[in-house]
Structures are given as structure tokens and as C-alpha cells.
Number of protein chains: 2
Amino acid sequence: MLLPGFRDFYPDDCATRNYIITQWRTVARRYGFVEYDGPVVESIDLYRKKSGGELVGQLFDFVDKGARAVALRPEMTPTLARMVAARERDFRKPLKWFSVGRFFRYEKQQRGRLREFYQLNCDIIGENSPAADAECIALLVDLLRQFGFNDDDFVVRISNRNAWSSFLDDEGASAERLSDFLEVIDKMERADPETTREKLKTLGVSLEAVTRFLQTPAAEHKSFAEVRANLEARELGKYVEFDLKIVRGLAYYTGFVFEVFDRRKKLRALAGGGRYDKLLALMSDDRVELPALGFAMGDVVLSELMHETPAAQSRLQNALAANRPAQIYLIIAKEERRLNALRDVQRLRDAGYTVDFSLVAAKVGKQFQTAEQIGARFAVLYGDEWPQVKIKTLATREEVLLPAEQLLDHLAARASR
Amino acid sequence: MLLPGFRDFYPDDCATRNYIITQWRTVARRYGFVEYDGPVVESIDLYRKKSGGELVGQLFDFVDKGARAVALRPEMTPTLARMVAARERDFRKPLKWFSVGRFFRYEKQQRGRLREFYQLNCDIIGENSPAADAECIALLVDLLRQFGFNDDDFVVRISNRNAWSSFLDDEGASAERLSDFLEVIDKMERADPETTREKLKTLGVSLEAVTRFLQTPAAEHKSFAEVRANLEARELGKYVEFDLKIVRGLAYYTGFVFEVFDRRKKLRALAGGGRYDKLLALMSDDRVELPALGFAMGDVVLSELMHETPAAQSRLQNALAANRPAQIYLIIAKEERRLNALRDVQRLRDAGYTVDFSLVAAKVGKQFQTAEQIGARFAVLYGDEWPQVKIKTLATREEVLLPAEQLLDHLAARASR
């Protein structure tokens, strides 16, 4: 029995999964990002110290046979920070790194949440200019556009934790209680206003001051203006909005944070990220100071939005339709030609074609039917015509008879590898 | 800290890992195999009942937060059997399925063994003809040839458990003790002959009879003759040998079993597999009877052999060299041209090119240096010439000056996407 929260990937599901992963890789590479990866199991300390409350409660953790407290990775950032802190001198800055893999959370199954899921992570390390934030956000936008989504379908909401630090300063409240304060902001939309007012009061801030600050025009936040100008130069301005209510749950964030939502607000966040300028120093014994930022995008909510968006659906369907098991199907009409056919199966595969055939004797009609079912473009017939073979283009029913040794030359101009 | 037996994949390591996975996928697809996958965590019962002794002792197992006894998957076959048994009616037979993923074993670290590794699995389900065994073995051979190995580097040793059942029958020994018997055969090469003789005696067989049987010419084993003829028609005969000493550790095997070794016998097995005709019935409530066979190939021993084989090394190095982070590097010689450059960065990426640039102001010489270091083919210069840009082909130092709006047309004929 499949465990709850886990998935089997039958061939169609696997093709969809691979489509998502291929789009992720393709777009990340266009941006000059290079791929890395880490282990799926890490020491639990990596998460306890760095990620903060929410994630630790959902850790898929256990004690291994060597009495180590370990966890199946819930996110990539701690692993990335660990890896970079250990060898940062080996790499030219800024690092532009991405990774695709499986992640795990032990939580109740609910819409958009599974215990095992795929996630893309993209990070820029070693650059504190808002230009790096803009590059990351542009990548995030293009990743979503690649799937066929446009600005009617999604929006990137950008905020800046530093704006809230300044606000607390200006209000004469303690900036040390920033994370408690951000937690109130995070819950504010769903909470009763009086509860929010009470909580803010204990932090030395009034609800009115917060409400006023939330309405500050984006243009007045200088750092955001720079990001916006950068994105507008790329003609990507329409995909982003400044929204101070976005704060993100993880403790390690500093500066910009952002989340992507579907425009109809029906789903959970599609992706999220931000700056974590202090994390590398925290992870390294010799306190490597490197500014850093990045984001993660999972496959589960993304798949839900693809399902609801016709343009994304048709891109996926086109990609899946191109994914035929074999381009060339050999039809063995006479069993005494089987070994000749096998020789050509091998030659064609050696030449890089996808090739299939019936492993055992079968009626010719049945073999043609299989060729059609698997979406083969060419059927090659081994029968009475030997040492000639008949090549049939299945879509057009066009037939050519030629000596078997000319088969490869004939296909070279017609089939793809 | 990285856990013992696990690996970090820094960009170079990750590129090598991806190279291996890409070769695996490419060759499996050429054979008409389609990809599937399962979860990384499974109920421990799946392995306890099916895999037999050796693997259960090495399971990376634990109790999850829901009090379930679970394990990180040590092999794919039980998952595949579970998946196929659940939905076999949905698929045309025979199924030709492959999968690539991470697997886990909790065992002492030693050469060729890690706690987390990658494995390719290829299986044919629903065909009991030796033609299916030959197709699997041909695929296995071609997988290794794809990496640049030839018959000087590796050999596939094929055996057949049925031959040993017949032998026990002929000797008047109990065929029910086949698995105890095979265990003795498996250990025989490394064991003291007198110990082997004693063990065989308790099973009702003499060491002399076993030794004689091991020397039977391959041609006398009818089923093997058919596989050999099939492989010889493909001109792959030289890669395989019949060797009854190969028995494989897993309890579920029936019929043919095979393992791949490096010719110099320095390493552990590179791959192994065989028939498991009874496993599907065991895994399904309604006892789905489907003959099946398959094999697995891991990345660890394969990497060791690649490292020792010059032809394989040079293929790997060629593949890695082609893997440049960006093909086009934009050089911003005047900061007032940054937004113009950003617009072109976006246009080029939208057109599918890999593109990078300096996120912040930098000296022109430094920017050219980075372009060279990342292996870019073209540098595009944004400076005094604006609205013209200078395109430099880095290998030849050739330069062209043209209006920025002609950049895409110019590159379309020269750059690859």
C-alpha cells in the first residue's frame, strides 16, 4: 500500500512530472544558473537552528540506526547554506545556483500539500545589490510564463522586512521584536481586528499606524523602486506588486521577501523566497559573511494551477503528445526474418533512434496496431520482400520498398533522433 | 555536517550525476521503455515479505510520526510490483518500464557502497519468452557501451536458477531447498571447499556433482542458447557469458539471473537482475499472474569504472565541456546603458538562449574575463556605440557592430538554443 501523502508516478504522471522539471531546468539555465544538489537526509540540527518554528513542527524526522537525529529534507536553503559555507572560496561570486529534487514534510494531507513533493530552488549568493533581487524575481516570472501562465493568472507580491524594521524604529518600538511583530502582520488578514490591535499594543505599536504604513505607495520605498525599474526594463513590471503584508514564515529571512499567488486567490502560494543575508555566517564556523537570496517553487500547487488554466493545459498536452515511446516499429511478418530484424533493431538504436518491435510472434495486423498505439511514425516490414524491407509512414500510409541495408540512409533524412 | 554515506553534489559533481542519468534515460528510451517512478518512502512490509534476508538487514528503516514502520526504498522492484499489480489492466503487455531515482541502504561505508545512491531500473512485465530476457540484456549492454565501455571493460554473466532446480531434481535432492542451495553456490568461490562440501551434503548433493554441473557447456542449456542466438543477431554476443555461479541474493528471483562485472574483477557488480515471475502474484490480492524480469544499475560502481577507463573518461569530459553556464554574455560598458542591456537580456532569454551579465557595475576587462571563464561564445557590448551594439565571438575575436534591434536576427543564424 502506498503511504498517505505519497504519490506513485505511473507513466502519464511521470511524463507530467518530467515536463515540469524540464521547464524548471530550461528556464533556470537560460538565466545562467548552474545545477547543484545535496542529500535527501540531513542532520536535524541543520533545520532546528535555522528554519525557525513552523518547519520544525512539520519535519519528517527520525532517529537512524546509528542513533543520529536526522530528517528528510523539508527545504533546500539550509543544505545550500551548509554547502556554500564549506567551500565558498572555490567559486566565483555571485553564485547563481539552482536545484531540483524531492522534499518531505510530515503534516496532515490537505489540498496543495503532500508529504513528498518536488521543488525547484534558485539562489544568488554573494551579491547584496537589489539587482540580484530583480534577477531572481525575473527568473521567477519567466518560470511561470514558461508554463503558459500570464499576468491574468499570477502575481508576485514583494515586501521588504527592512521596511518594517524602519517602521518599528520610527514608531519608537523595539526592532528586536521584529519577528513577533511580523507574525502579527502575517496573521492580520484572517484575524479579528481587535485581537490584532491587542497584540500590536503589547509590541508598542498602534493598529492605525500599521494600517497607514500598509498604504504607503510603493514608489516611496526606495529599494523597491530600484527593483521595479529593473523589472520594467525587462517589460516584466506587470507581474509584480508591492505588498507589505507578505512577510514569510521562515526565521532566516532579511530584506526582500516575495510570494507568488494565483490571481483568483484560490490556491496556496505557488512559490516564495527572499533574502537571507545572515544565514551563511550562522552556518559556518569561520563566519563566512555572504549576502544571499533565493526562492523555491513546488510542483503540487503549480500542477493545480496548470489544471485550471487552459493555456497551461494545452502546453502540457502538446509536450506529452510529442513523447512517443518509439518512433520506429519493426514488423516481423515472417518469423524466419526475426534475426534479420533484430540486427536492424540494433543498428537503428545504435544510430540513436527509439525503436520497438514485438518480442514474440504476432499477427501482422496486431503488430501494425501496436505501432499505431505507441505513436510510431514509421513501420518497417520484414517479410516476403526480404532482402528488401517495406517502410510505411503511418500518418500518410505512404510505402517505400528498398534493400534493408539502405534503411538507415533512408531514415536519416526523415526520422529524428 | 553532511551525514556519513551521503553526498553533496557541487556543480561539477551534479553535472557528472546528470550526465549519468541522461545516458541512462537516452538508452532506455531507444529501447521503447517508458519512465515511471514511485515514492522514496514505503511501508517496511513491502520489503520484509518480498526481498528476503540480505536487503532487510540493510534497510534504512524507521517508525514515522504516525507510528508506521517505514523504510527509505532500498530497491525499486517491490514498488514496481506493487504499482503494476494494482493497475495492470490499464496497460498493454508487455510493459517496458524504466525508472531513475535515489535509493538508500543503511550499511557500513565501503568502496562502491554508499547509504544514498542513484539507480536505473528497467523491467519487462508480461512476457515469459527468453526474447524478453535477451531484450533486457541487450539494453544492459548498450547502457554500458553508451558510457564508452566495451567488451574489454565489462562482461554480463548469465545464469539460470531453473538449471539448478533441474540439477537438484536429477540428483534426487529436494527442489524445495533451492534457496538454501543457491546460498551455498553464491558463497562457494570464497569459501573453504570442505565447508562447502559439508553444507551441500546436508542438502543431499555432492561437491563433485556441483563442480561437474558448473562445467556444462552453455550450449547444452537450451534456454540460454535462445538468448545467445538473439544477442548474436544483434552482434552483442561477445558481451555475455554463461556462468552458473551467478545466483543473486534476492529471494524473489526465478529463471534467468545476470550480473555485470568489470573484466579485471576489481570492483563490485555494476548491475544485476533477473526474472521474478512469481512476485506480481505475491503482491496482489487477486493474485495477478504476470511473468516479469528486470535489472538495476547504480551510479557508484559505474562512476568508479568510468574513472578507470580512459574512453569513458573522455566521453564524460566532452559532455561536461559542452555544459557552459551561458552562451551569451552581455557587457555593460556604460552604466547608462544598463536598462537597454536588461531589455536585451530578456529578449534573448525569451528566445531561448542562455544569457548572463554582471548584476552590478564592473570594469569592462573584468566583464570580458567573466565571459571567458563561463565559456560564453558571444559577448555583446553596450557602450558608446549605442544604439548600436558590438558582438564579439570570443573564440575568434571577430567583432561585428550592428543596431541593437538586429541582435536577435544576427544571433539566430549563429547561436544555439
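Now for a look at the structure at hand. None of these values were measured; they are calculated from a predicted model.

What counts as what
Residues numbered from 1 in each chain as written. Chains lettered and ligands numbered in written order. Predicted model: local features only at pLDDT ≥ 70, side-chain atom pairs only at ≥ 80, totals over all residues. Heavy atoms only, no water. Helix = DSSP H or I, 4+ residues; strand = E, 2+ residues; numbered from the N terminus. Rg over C-alpha atoms; globule rule 2.2 N^0.38 Å. Contact = heavy atoms within 4.5 Å. Lys, Arg positive; Asp, Glu negative; His and termini not counted. Charge placed at Lys NZ, Arg CZ, Asp CG, Glu CD. Axes fitted to C-alpha atoms, helices over the stretch in contact; angles between N-to-C directions. Parallel < 35°, antiparallel > 145°, perpendicular 65-115°, else oblique. Left-handed = near helix turned anticlockwise from the far one by under 90°. Nonpolar A, V, L, I, M, F, W, Y, C, P; charged D, E, K, R; others polar. Pairing = 2+ DSSP bridges. Buried < 20%, exposed > 50% of the residue type's maximum accessible area, 1.4 Å probe, protein only. Arc of directions from axis to C-beta. Salt bridge = Lys/Arg side-chain N within 4 Å of Asp/Glu carboxyl O. Least-squares fit on C-alpha atoms with pLDDT ≥ 70 in both. Buried area = accessible area lost by both parts, 1.4 Å probe. Polar contact = N/O pair within 3.5 Å; in protein donor to acceptor, adjacent residues only side chain to side chain. 1 Å grid on protein atoms, 1.4 Å probe; cavity = no way out; pocket = protein on both sides within 12 Å on 5 of 7 lines; lining within 4 Å. Points joined across faces, edges and corners; volume = space filled by probe spheres on them.

1. Description of the overall build of chain A
In terms of regular secondary structure, chain A is built from 16 helices and 16 strands. Taking 2.2 N^0.38 as the reference for a compact globule, 417 residues should give roughly 22 Å; the C-alpha atoms of chain A span a radius of gyration of 28 Å, well beyond that estimate. C-alpha extents for chain A along the principal axes are approximately 95 × 55 × 45 Å. For chain A, contacts bridging at least 24 residues in sequence account for 69% of all contacts bridging at least 6. Averaging the coordinates of the 63 positive side-chain charges in chain A and doing the same for the 62 negative ones gives two points 4 Å apart.

2. Some remarks on the packing of helix 1 (residues 11–30) of chain B against helix 5 (residues 130–146) of chain B
A pair of packed helices is characterised by two quantities: the angle between their axes and the separation of those axes. All names here are of chain B. One way to put it is that helix 1 packs onto helix 5 with a least axis distance of 9 Å and a crossing angle of 140 degrees. The angle between the axes of helix 1 and helix 5 places the two elements in the oblique class. The hand of the helix 1/helix 5 crossing is right-handed. Contacts between helix 1 and helix 5 involve Q23, W24, V27, A28 and R30 on the former and, on the latter, L139, D142, L143 and Q146. In terms of residue class, the contact of helix 1 with helix 5 is made up of five nonpolar, two polar and two charged.

3. Concerning the sheet that holds strand 16 (residues 398–403) of chain B
In a beta sheet, neighbouring strands pair by backbone hydrogen bonds and run either parallel or antiparallel. All names here are of chain B. Pairing in this open sheet of five strands is mixed, and the strands run 13-12-14-15-16 from one edge to the other. Looking at strand neighbours, the two that pair on one side only are strand 13 (355–357) and strand 16, the edges of this open sheet. Along the sheet, successive strands turn relative to each other by an average axial angle of 25 degrees, direction set aside. Sheet analysis places strand 12 (residues 328–332) next to strand 14 (residues 378–382), joined by five bridges and oriented parallel. Bridged to L330 within strand 14 is V380. Sheet contacts for helix 15 (residues 364–373): strand 12, strand 14 and strand 15 (388–393); angle to strand 12, the most-contacted strand, approximately 175 degrees.

4. Some words on helix 7 (residues 178–188) of chain B
Residue and element names in this part refer to chain B. When we look at burial in helix 7, the residues that qualify are L178, F181, L182, V184, I185 and M188. What you see down the axis of helix 7 is that its buried residues fit within an arc of 155 degrees, all on one side. Residues of helix 7 that are buried in the fold lie against helix 6 (161–170), helix 8 (193–202) and helix 9 (207–214).

5. What about the pattern of salt bridges?
Throughout the structure, instances matching the rule amount to 88 salt bridges over all chains. Where K65 of chain A meets D61 of chain B, a salt bridge forms, and the shortest distance between an N and an O atom there is 3.2 Å. Of this pair, K65 of chain A sits in the loop between strand 3 (60–63) and strand 4 (69–72) while D61 of chain B sits in strand 3 (residues 60–63), on two different chains. The class of K65 of chain A is partly exposed, set by a relative accessible area of 44%. A relative accessible area of 23% means that D61 of chain B is categorised as partly exposed. The salt bridge involving D277 of chain B is made with R275 of chain B; its shortest N-O contact spans 3.0 Å. By relative accessible area, which is 25% here, D277 of chain B ends up partly exposed. Of the residues examined, R275 of chain B reaches a relative accessible area of 4% and is grouped as buried. One network of salt bridges, in which partners are shared, links R17, R102 and E116 of chain A together with R25, R29, E35, D37 and R73 of chain B.

6. Quick look at the relation of the copies chain A and chain B
Mapping chain A onto chain B calls for a rotation angle of 180 degrees and an axial translation of 0.0 Å; the resulting RMSD is 0.1 Å. In the structure described here, the two chain copies are related by an operation that fits a two-fold rotation axis. Of the C-alpha atoms belonging to chain A, the one lying closest to the rotation axis is found on F62 of chain A, 3.3 Å away.

7. Quick notes on the interface of chain A and chain B
Each side of the interface is counted separately: chain A has 89 residues, and chain B has 90 residues. Overall, the association of chain A and chain B removes approximately 7200 Å² of surface from exposure, summing both partners, and the carbon and sulfur fraction of that is 57%. For the interface between chain A and chain B, the tally reads 18 salt bridges. Across the pair D37 of chain A and R17 of chain B runs a salt bridge whose closest N-O atoms are separated by 2.6 Å. Inspection of the chain A/chain B interface yields 44 residue pairs in polar contact (both at pLDDT 80 or more). Residue contributions to the side of chain A that touches chain B peak at seven residues, all from helix 1 (residues 11–30) of chain A. The class makeup of the residues in the side of chain A that touches chain B is 44 nonpolar, 14 polar and 31 charged.

8. Observations concerning the side chain of Q346 of chain A
Inspection of the secondary structure assignment puts Q346 of chain A in helix 14 (residues 338–350). If near-sequence neighbours (up to four positions away) are discounted, Q346 of chain A is found in contact with Y31, D142, R145, R234 and L236 of chain B.

9. Some points on helix 6 (residues 161–170) of chain A
Residues and elements named next belong to chain A. Every buried residue of helix 6 is accounted for by R161, A163, W164, F167 and L168. All buried residues of helix 6 fall inside an arc of 150 degrees around its axis, so they share one side. For helix 6, exposure combined with an orientation more than 90 degrees from the buried face picks out D169 and D170. Elements that come into contact with the buried residues of helix 6 comprise strand 7 (154–160), helix 7 (178–187), helix 9 (207–214) and strand 9 (254–262). G172 lies just past helix 6 and shows a positive phi near 75 degrees.

10. Some thoughts on unusual backbone geometry
Omega for the peptide link from K93 of chain A to P94 of chain A comes to -10 degrees, which places this bond in the cis form. With respect to the secondary-structure elements, P94 of chain A resides in the loop between helix 4 (77–87) and strand 5 (95–104). One non-glycine residue, A67 of chain B, lies in positive phi territory at about 65 degrees. As for its position among the elements, A67 of chain B is in the loop between strand 3 and strand 4 (69–72).

11. A closer look at empty space enclosed by the protein
Residues and elements named next belong to chain B. Considering all chains together, one arrives at one cavity of 30 Å³ or more under this definition. Taken as a whole, the largest cavity encloses approximately 30 Å³ of empty space. If you go around the largest cavity, the residues you meet are V184, K187, M188, A191, T196 and K199. For the lining of the largest cavity, the secondary structure elements donating two or more residues are helix 7 and helix 8. Ranked by the residues each element gives to the lining of the largest cavity, the list is headed by helix 7, at three residues. A breakdown of the residues in the lining of the largest cavity according to their chemical character gives three nonpolar, one polar and two charged.

12. Quick look at the side chain of Q119 of chain A
Residues and elements named next belong to chain A. With respect to the helices, strands and loops of the structure, Q119 is situated in strand 6 (residues 116–125). Judged by its relative accessible area of 8%, Q119 is buried. In this structure the side chain of Q119 is engaged in a polar contact, spanning 3.1 Å, whose partner is the side chain of N121. Ignoring any residue separated from it by four or fewer positions in sequence, one finds Q119 in contact with W24, E75, M76, S99, V100, G101, F103, R105, A296, M297 and G298.

13. Thoughts on the environment of P74 of chain B
Mapping P74 of chain B onto the fold places it in the loop between strand 4 and helix 4 (77–87). Separated by 31 residues in the primary sequence, P74 of chain B and R105 of chain B place their C-alpha atoms 5.6 Å from one another.

14. Let's talk about the pairing of strand 16 (residues 398–403) of chain A
All names here are of chain A. Relative to strand 16, strand 15 (residues 388–393) is paired through six bridges, and the arrangement is antiparallel. Each bridged residue has a counterpart across the sheet, and for I391 the counterpart in strand 16 is V400. Connecting the antiparallel pair strand 15 and strand 16 is a turn made up of four residues, with R397 showing a positive phi of about 65 degrees.

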